[in-house]
Amino acid sequence: MSAFTVSIIPTSNDTILKFETNKFITKHQSFEYNNIDEANDSPLAQQLFYLPFVKKVYISSNFVAIERYNIIGWNQVQDEVAEQITNYLNEGKPVINEELQNKKIAVTVYAESTPNPSVLKFVANKKLVTSSFEFTSIDTAKSSELATKLFNFPFVKSIFIDENFISITKFDITEWDDITFELREFIRAYIETGKELVNPEAKIAKEKSAEILDIKYESYDDTSKEIINILEEYVKPAVASDGGNIQFESYNSETKVVKVILQGACSGCPSSTYTLKSGIENMLKEMMKGKINSVEAING
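Residues numbered from 1 in each chain as written. Predicted model: local features only at pLDDT ≥ 70, side-chain atom pairs only at ≥ 80, totals over all residues. Heavy atoms only, no water.

On to the pairing of strand β5 (residues 63-68). By the criterion of burial, β5 is predominantly enclosed, with 6 of the 6 residues buried. Pairing geometry for strand β2 (residues 16-21) and β5, over 5 bridges, is antiparallel. For E20, the partnering residue across the bridge sits in β5 and is F63. Two strands pair when backbone bridges link them, and strand β4 (residues 54-59) and β5 are joined in this way by 5 bridges, in the antiparallel orientation. (Buried < 20%, exposed > 50% of the residue type's maximum accessible area, 1.4 Å probe, protein only. Helix = DSSP H or I, 4+ residues; strand = E, 2+ residues; numbered from the N terminus. Pairing = 2+ DSSP bridges.)

One pass over the structure, following the stated rule, counts 7 aromatic pairs. With a centroid separation of 6.0 Å and an interplanar angle of 85 degrees, the aromatic rings of F53 and W74 are classed as edge-to-face. Residue F53 is located in the loop between α1 (43-49) and β4, and its partner W74 is located in helix α2 (residues 74-90); the two are separated by 21 residues in the primary sequence. The class of F53 is buried, set by a relative accessible area of 7%. Using a relative accessible area of 6% as the deciding quantity, one classes W74 as buried. Considering the side-chain rings of F160 and F165, the 6.1 Å spacing of their centres and the 50 degrees angle between planes classify their relative orientation as tilted. According to the relative accessible area criterion, F160 is buried, its value standing at 0%. In this structure F165 comes out as buried when scored by relative accessible area, which is 3%. Site record: aromatic cluster; members linked through ring pairs are F19, F53 and W74. (Phe/Tyr/Trp six-rings, centres within 6.5 Å; stacked < 30°, edge-to-face > 60°.)

Another aspect to go through is a negative patch on the surface. Residues D172, E175, D177 and D178 make up a contiguous surface patch of negative charge. Among the secondary structure elements, D177 is positioned in helix α5 (residues 176-192). (Patch = residues over 30% accessible without salt bridge, like charges linked within 9 Å, V, L, I, M, F, W, Y side chains within 5 Å. Areas by Shrake-Rupley, 256 points an atom, 1.4 Å probe, with all protein chains shown as cover. Salt bridge = Lys/Arg side-chain N within 4 Å of Asp/Glu carboxyl O. Lys, Arg positive; Asp, Glu negative; His and termini not counted. Charge placed at Lys NZ, Arg CZ, Asp CG, Glu CD.)

With antiparallel pairing, the 5 strands of this open sheet are ordered in space as β1-β2-β5-β4-β3. Only two strands of the sheet have a single partner each, and these edge strands are β1 (6-10) and β3 (31-33). The sheet shows a mean angle of 20 degrees between the axes of neighbouring strands, direction not considered. Running at roughly 30 degrees to β2, α2 makes contact with β1, β2 and β5 of the sheet. (Axes fitted to C-alpha atoms, helices over the stretch in contact; angles between N-to-C directions. Contact = heavy atoms within 4.5 Å.)

The next subject is the pairing of strand β6 (residues 109-113). As defined by bridge partners, β6 adjoins strand β7 (residues 119-124) across 5 bridges and the pair is classed as antiparallel. Across the sheet, the residue bridging to S113 is L120, located in β7. Linking two consecutive strands that pair antiparallel, namely β6 and β7, is a turn of 5 residues.

For I280, the position within the fold is in helix α9 (residues 272-287). Among the residues examined, I280 registers a relative accessible area of 7% and is labelled buried. Sequence separation between I280 and T180 is 100 residues, and the spatial gap between their C-alpha atoms is 31 Å.

With that out of the way, let us pick up the nonpolar core. Core analysis: the largest hydrophobic core is formed by 30 residues, its most contacted members being I166, I168, L183 and L197. Of all the secondary structure elements, the ones that give two or more residues to this core are β7, β8 (133-135), α4 (145-150), β9 (156-162), β10 (165-170) and α5. The greatest single-element share of this core, amounting to 6 residues, is contributed by α5. Counting 28 residues, the second-largest nonpolar core is a separate cluster that includes A39, F49, I66 and V81. (Core = buried A, V, L, I, M, F, W, Y, C linked by side-chain atoms within 4.5 Å.)

What follows covers α5. Counting along an α-helix, one turn takes 3.6 residues, and residues three or four places apart therefore face a common direction. The terminal C-alpha atoms of α5, which comprises 17 residues, lie 23 Å apart, in line with the 24 Å expected from a rise of 1.5 Å per residue. All of the buried residues along α5 are W176, I179, T180, L183, I187, Y190, I191 and E192. As for α5, its buried residues are in contact with β6, β7, α4, β9 and β10. Where α5 ends, the next residue or the one after it, G194, has phi of about 85 degrees, a positive value. (Expected span 1.5 Å × (residues − 1).)

With that settled, consider the sheet that holds β7. Here we have 5 strands laid out as an open sheet, ordered β6-β7-β10-β9-β8, and antiparallel in their pairing. Only two strands of the sheet have a single neighbouring strand rather than two, namely β6 and β8. Going across the sheet, the axis of each strand differs from the next one's by a mean of 20 degrees, ignoring polarity. Bridge count between β9 and β10: 6 bridges; the pairing is antiparallel. Across the sheet, residue I161 finds its bridge partner in β10, namely I166. Relative to the sheet, α5 contacts β6, β7, β9 and β10, its axis offset from that of β7 by approximately 30 degrees.

Right, dumping it as structure tokens:
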């Protein structure tokens, strides 16, 4: 079993810091504690409150957020706090008491249309995964029990799982009106069990850990990093709302061509070419004058 790793993530509030874990630490539940007395059901939170600068502790699916008092700056203590959380988790100690962890989760899932008529987006009220995953066949879905079971429906062509939604691409043998309710209830019931949607020990999950992604990001040249940051800030939220995802693949400094990967509802969408050219390409050309000639999708 792989060890827990913790990444330090700044927030818009300089008194609050997120300590993001590479695996889920609660069963899609969130807990907030204002003092050590409120933290009776969380041994981890209680331990953190012994640090004199800790004002508030918030524990969610895959991170611990801590608000500090102004008696000290995060730059002085953040590494020690990250190490303390990492050691605690790797010792196998409980984050939340067992009774709360095993409490049945109230889950709601609703279906939402996308610009791609072959794709429907199923949105949950819980965080599902810490990274996005795409499965194009049952053979590629071995790391996900949910995806494997969904492929047993004969009309399921591909599956894309992101932070709080699942996009399903169907074959043309049936209409959404005939299968939406069945899929929605199946997904809701699975999430309600509290099981992981993707096995955190699987290779595909480990490759998308914050630590590995940070190493990959640092390996890129400055122009590629700038492209990635623009895609993350301006493009990804828009395509996620449509049930899809965009990933940076490469940048050629000689041809000035950017290549991206389209996933979920964006892959094979009739409007994806228009979006790529009139939206993403124009944005990058405008924001990175002289550095971009064109944007190409290597799929979709």
